[in-house]
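Structural features, examined
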Amino acid sequence: MGGVGGGGGAAGDSSALNNFARDPASIERSNLVKICKLVVKELLEQSLRFGRMLDSDHLPLQHFFIVLEHVLRHGLKPKKGLLGPKKELWDILQSVERYCMEAFDITSSVRDLPTVRTHMGRARAWLRLALMQKKLADYLQVLVEHRDDSLVEYYEPHALMLSDEIIIIVGILVGLNVIDCNLCVKEEDLDSQQGVIDFSLYLRSSSRNSPDEENNGGIAGGVDDTATGAMTAVLDQKNYIEELNRHLNATVGNLQTKVESLTTTNALMKEDLAIARNSLMALQAENAALRRASQHGHPIEDKTNVLDRFDPEMAETLAEERKKRQEIEKELDLQVSLKAETEMAMKLLEKDIHEKQDTIVSLRRQLEDIKSINLDMYRKLQECEATLKHKTELTSRMEAQRESMASAISQLERKYSSETASLNALQESSQALSLQVVASEQRAARAEADLRIEREWRTAMQDKEMQHKEIISELQLQVKQLTDDSKQLGKANVELEKLRSQWAEDQCTLEELGVQLSVSKLQISELKERVSAGRHSPDATKDSDPGGGAWTPDKGVSKCTGCEKEFSITRRKHHCRNCGKIFCASCSEHVSALPFGGDRADHQTNGAGSKPVRVCDQCWEKLSAK
């Protein structure tokens, strides 16, 4: 990764010399800090400009993760030996959960991802989840605070994570908490090599003006300022490209030396492997010969005692051969295990070589892109020089115009002195005319005031007329409504009369029904009395009525004998049991025992001790007097 150079002109050259004089590790750290600033600034600007949620296809976001990966892997210790443990970035990120429990969720979810198989892929997935959680700066801050405990064993002393520049990067990453990201970690290929950053997005000059603004500029000082600003920006970018080109060349050289050393190591390993194979084949042949000898020696095993008796030296050599055979078998097993380890180391070495070759290819492509950008910047520099020449020509033309304008101004001053005399005469005449104008304006103001009053009066009259018309229309509507209401009232009165006549007819029918009901009741009571009289003896006399009155039938009576009020449904007919006349309930409310013991029909059966019956007021007075 590259870094941003110093200011324009001589200051830019001096800063470039200072950078070359510094330590390469400090140059790398400063370059990483500067490119991280550029990438985060571009990411924030695009997020605020478009106002949307960023996804995995967003190009500045991909560049940010590549830069962050370079920051975290800067100064990472290599593995010791071919079979030694390798220091991985994933192991560093896993240690965050020991100091911050909030990182436990994303760490466990990354461990359970089925699509990510390598340690580098898990580290990339962890960084993406931390950015979506808006805790990336906090987690890096935790690592920085505990770097003496957790980072020293993983990084070299000159690493960026162990320097003070990492605090600047953590402060830059705090601004990413305002960005919303939606990253699908499962669908991304995080195990493969990351792409190349297109630096043309971060090399634009915001201080340069458009060609229209340059052509329309009228002041020479402003033109010089814009030209100076454009030149400064171009020189800054040129220094940046040169520094980036130098760094990439150094990186490519280091990678080439590493590849050469790996190829030599690979050749040596192949030679060692061939030697081990030859020794293995020899040992296998010796082992086969010993096996054949042992197989042939089994039937003669009983004769070893005979050898011990007759030839003890042969028995000792046989025992030594057996010991050597066991030692050779152990060495054979050891060589087999060494062969497996060397094959595994060869595979890892080939994989590492392929990764380095891919990295070299990507860096070469990036170097070609930087060269093309450098050419573009050189073209822009030439264009700026041409525009600067054009602007100097414009300034010379404007100076000639200024001299011509100064001569014209002197001529105008002379004309001004001659015109002032004529102006004084004209002022005197204008004063006289101004007095006349004032008088005419006063008359016009009076006429306008009268006209305004008349207009206001007319508008007031028109408003009143409109109000009267509205009132008339409202009254007409009310008259129409009243006529309609009167018609409806007449219809209602007619219906009311009909209802009243119907009600009167219904009342008459009800009275007739009441009369018939009372007559039927009286008839029923007469029939009951006749039936009861027929049951008694025939010797009973009917002329013993103390009142001397006959039983009055209901049909011929419509008024009360006492109060002469008409009978109705509510005012019913009642017979006096003493005189036999018809009364209402109020005129026959008394009861008394008759001298003959009740009704005439009950005289023979009940005697003088019968119960009291209904009598009229007159009969009650008579009976009570007795």
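On a predicted model such as this, the values are computed, not experimentally measured, just so you know. (Residues numbered from 1 in each chain as written. Predicted model: local features only at pLDDT ≥ 70, side-chain atom pairs only at ≥ 80, totals over all residues. Heavy atoms only, no water.)

1. Considerations on a nonpolar patch on the surface
Together, L510, L513 and I569 give the surface a local cluster of nonpolar side chains, amounting to about 260 Å² of exposed area. Along the chain, the position of I569 falls in the loop between α14 (312-535) and β3 (574-575). (Patch = residues over 30% accessible without salt bridge, like charges linked within 9 Å, V, L, I, M, F, W, Y side chains within 5 Å. Areas by Shrake-Rupley, 256 points an atom, 1.4 Å probe, with all protein chains shown as cover. Salt bridge = Lys/Arg side-chain N within 4 Å of Asp/Glu carboxyl O. Helix = DSSP H or I, 4+ residues; strand = E, 2+ residues; numbered from the N terminus.)

2. Considerations on the nonpolar core
Counting residues in each nonpolar core, the largest one holds 58 residues, and the members touching the most others are L61, F64, W126, Y155 and L173. For this core, the secondary-structure elements that each account for two or more residues are α2 (24-50), α3 (59-73), α4 (89-94), α6 (103-111), α7 (119-132), α8 (136-145) and α10 (165-174). With 8 residues, α7 is the single largest residue contributor to this core. The next biggest cluster of nonpolar side chains, apart from the first, holds 15 residues, and it includes F567, C579, I582 and V615. (Core = buried A, V, L, I, M, F, W, Y, C linked by side-chain atoms within 4.5 Å. Buried < 20%, exposed > 50% of the residue type's maximum accessible area, 1.4 Å probe, protein only.)

3. Observations concerning the packing of aromatic side chains
Evaluated as defined, the whole model comprises 2 aromatic pairs. Each ring, one from F64 and one from F65, has its centre 5.5 Å from the other, and the planes form 55 degrees; the classification is tilted. Assessed through its relative accessible area of 1%, F64 is described here as buried. For F65, a relative accessible area of 5% corresponds to the buried category. With 5.6 Å between their ring centres and 45 degrees between their planes, W126 and Y139 make a pair best called tilted. With W126 in helix α7 and Y139 in helix α8, this pair connects stretches of sequence that are 13 residues apart. By relative accessible area, W126 is classed as buried at 0%. Assessed through its relative accessible area of 1%, Y139 is described here as buried. The ring of F65 carries R128 above its face, with NZ or CZ at 4.2 Å from the centroid. (Phe/Tyr/Trp six-rings, centres within 6.5 Å; stacked < 30°, edge-to-face > 60°. Lys NZ or Arg CZ within 6 Å of the ring centre and 35° of its normal.)

4. Examining α3
In this model α3 runs 21 Å from its N-terminal to its C-terminal C-alpha over 15 residues, within 8% of the 21 Å that 1.5 Å per residue would give. In terms of burial, α3 is a largely internal element, 11 of the 15 residues being buried. Buried within α3 are the following residues: P60, L61, H63, F64, F65, I66, V67, L68, E69, V71 and L72. (Expected span 1.5 Å × (residues − 1).)

5. Section: the packing of α2 against α10
Any two packed helices are characterised by how steeply their axes cross, that is the angle between the axes, and by the distance between the axes. Their axes nearest at 10 Å, the elements α2 and α10 cross at an angle of 5 degrees. Classified by the angle their axes make, α2 and α10 are roughly parallel. Where α2 approaches α10, its residues R29, V33, C36, K37 and V40 are matched on the opposing element by E165, I168, I169, I172 and L173. Its residues placed into classes, the contact of α2 with α10 shows 7 nonpolar, no polar and 3 charged. (Axes fitted to C-alpha atoms, helices over the stretch in contact; angles between N-to-C directions. Parallel < 35°, antiparallel > 145°, perpendicular 65-115°, else oblique. Contact = heavy atoms within 4.5 Å. Nonpolar A, V, L, I, M, F, W, Y, C, P; charged D, E, K, R; others polar.)

6. What about the UniProt feature "coiled-coil region" (unreviewed entry) in the protein?
In the numbering used here, UniProt assigns the feature "coiled-coil region" (unreviewed entry) to residues 266-293, 339-366 and 395-429. With 100% helix and 0% strand, residues 266-293 has its two end C-alpha atoms placed 40 Å apart. Annotated as residues 395-429, this span is 100% helix and 0% strand, and its ends, taken at the C-alpha atoms, are 48 Å apart. (UniProt positions renumbered as here; feature names shortened; annotations may be inferred.)

7. Considering the pattern of salt bridges
Taken as a whole, this structure holds 10 salt bridges when the rule is applied. We note a salt bridge from R124 to E69, for which the minimum N-O separation is 2.9 Å. Pair noted here: R124 is in helix α7 and E69 is in helix α3, with a separation of 55 residues, a long-range link. Neither R124 nor E69 differs from the other in exposure class; each is buried. Across the pair E454 and R458 runs a salt bridge whose closest N-O atoms are separated by 2.9 Å. One end of the pair, E454, and the other, R458, are both in helix α14, 4 residues apart, so they sit about a helical turn from each other. With relative accessibility at 38%, the residue E454 sits in the partly exposed group. You can call R458 partly exposed: its relative accessible area is 48%. Here the salt bridges do not stand alone but share partners, grouping E69, R73 and R124 into one network.

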